[in-house]
Amino acid sequence: MNPLQFLRLLFKGPTPQQMAAQLRRPHGFMARKVAQRMNNSNRPLYDGAWKALDLRDGMRVLEIGFGNGLFFPELAQQAKDLTLHGLDFSAEMVQQATANNDALITNGALSLTHGASDRMPFADATFDRVFCINVVYFWDDPAAHLREVRRVLRPGGTFTAVLRRKTSMENLPFAAHGFTMYEQADWEAVLRNNGFTPVSTTVITEPGVEYGGKTYTPESLVVVAGFA
Ligand SMILES: C[S@@+](CC[C@H](N)C(=O)[O-])C[C@H]1O[C@@H](n2cnc3c(N)ncnc32)[C@H](O)[C@@H]1O
């Protein structure tokens, strides 16, 4: 970033392009603030995920793209003796999530890994549940990520993706910069084309989200996919 860009950022806030880059991979001095904003605006999506995950005692669960990891303690309460893992390719997010989850990490209930979802450092058939929230927009080649999701899932496991639908996303100025957006049928087709079945979707209507002085009322898709 040149000095002029830095001054603009300081006084005027991020451009839509800078915000898009932060949402894709939070980094640098803005990462903490961006993660806190995501905590506020994405809270209802985590509630939707808890319902969809249908967790049973003793399951092994992976979250891809956990941001600052603020919701892991809640996830740990959704059933007994869960083993939780997180994977995120932002070093800043791994650092913040580690600081936010000291107790869970110390007692062995949570491990966090710095890495990318198209090359997961996990053995085959490790998890009963894999989920991600606001991440699939950044998968430029979804097949490469979904192949990995299938590989690390146990047979009978499920993959849950929570995403804002295209008609909600395209109102947000940053979404024009590198986001792949989906309507329900589009994302379901991607899953089916990559070997997932059955696929079922619930729609969440969220309370207003403020961005750039405007209030948006987005709708999100909670899409649960299985494979035999
Ligand atoms: C928009 S944020 C969403 C954070 C959180 N899930 C939420 O909804 O508030 C996207 C997160 O996913 C991570 N991420 C994006 N693509 C990823 C990938 N391919 N592998 C691992 N992490 C990824 C980013 O670093 C970031 O922490």
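So, how was this worked out
Residues numbered from 1 in each chain as written. Predicted model: local features only at pLDDT ≥ 70, side-chain atom pairs only at ≥ 80, totals over all residues. Heavy atoms only, no water. Helix = DSSP H or I, 4+ residues; strand = E, 2+ residues; numbered from the N terminus. Buried < 20%, exposed > 50% of the residue type's maximum accessible area, 1.4 Å probe, protein only. Lys, Arg positive; Asp, Glu negative; His and termini not counted. Salt bridge = Lys/Arg side-chain N within 4 Å of Asp/Glu carboxyl O. Polar contact = N/O pair within 3.5 Å; in protein donor to acceptor, adjacent residues only side chain to side chain. Contact = heavy atoms within 4.5 Å. Near = heavy atom within 4 Å. Areas by Shrake-Rupley, 256 points an atom, 1.4 Å probe, with all protein chains shown as cover. Expected span 1.5 Å × (residues − 1). Bend = angle between axes of the 7 residues up to and from the residue. Core = buried A, V, L, I, M, F, W, Y, C linked by side-chain atoms within 4.5 Å.

Draft legend 1. How the structure looks around the side chain of Asp-88. Tracing the backbone through its elements, the reader meets Asp-88 in strand S2 (residues 83-88). An unpaired buried charge is present at Asp-88: no salt bridge exists, and Arg-25, the closest side chain of opposite charge, is 7.4 Å distant. There is a polar contact of 3.3 Å between the side chain of Asp-88 and the backbone nitrogen of Gly-67. Of the polar contacts made by the side chain of Asp-88, one reaches the backbone nitrogen of Ser-90; its length is 2.9 Å. Not counting chain neighbours up to four residues away, the residues in contact with Asp-88 comprise Gly-65, Phe-66, Gly-67, Met-93, Val-94, Thr-113, His-114 and Gly-115.

Draft legend 2. Structural context of the site of the ligand. Near the ligand you find 23 residues, and of these Asn-42, Tyr-46, Gly-65, Asp-88 and Ile-133 are the closest. Interatomic distance of 2.8 Å between a side-chain N/O atom of Asn-42 and an oxygen atom of the ligand. Contact between the ligand and Ile-133: a nitrogen atom at 2.9 Å from a main-chain N or O atom of the residue. For the ligand, whose free accessible area comes to 600 Å², the fraction covered by protein is 97%. Secondary-structure elements contributing two or more residues to the shell around the ligand are helix H2 (16-24) and helix H3 (31-53).

Draft legend 3. Expanded view of H3. Here H3 is 23 residues long, yet its end C-alpha atoms lie only 28 Å apart, well below the 33 Å a rise of 1.5 Å per residue gives. Along H3, the largest kink reaches about 60 degrees and is centred on Asn-42; proline Pro-44 follows within four residues of it.

Draft legend 4. Molecular detail of the nonpolar core. Counting residues in each nonpolar core, the largest one holds 43 residues, and the members touching the most others are Trp-139, Phe-159, Phe-174 and Trp-187. Of all the elements, strand S5 (residues 153-164) adds the most residues to this core, at four residues. Among residues more than four places away in sequence, those in contact with Phe-174 are Pro-16, Met-19, Ala-20, Leu-23, Met-169, Phe-179 and Tyr-211. Membership of the second largest hydrophobic core comes to 27 residues, among which are Leu-55, Val-61, Ala-76 and Ala-109.

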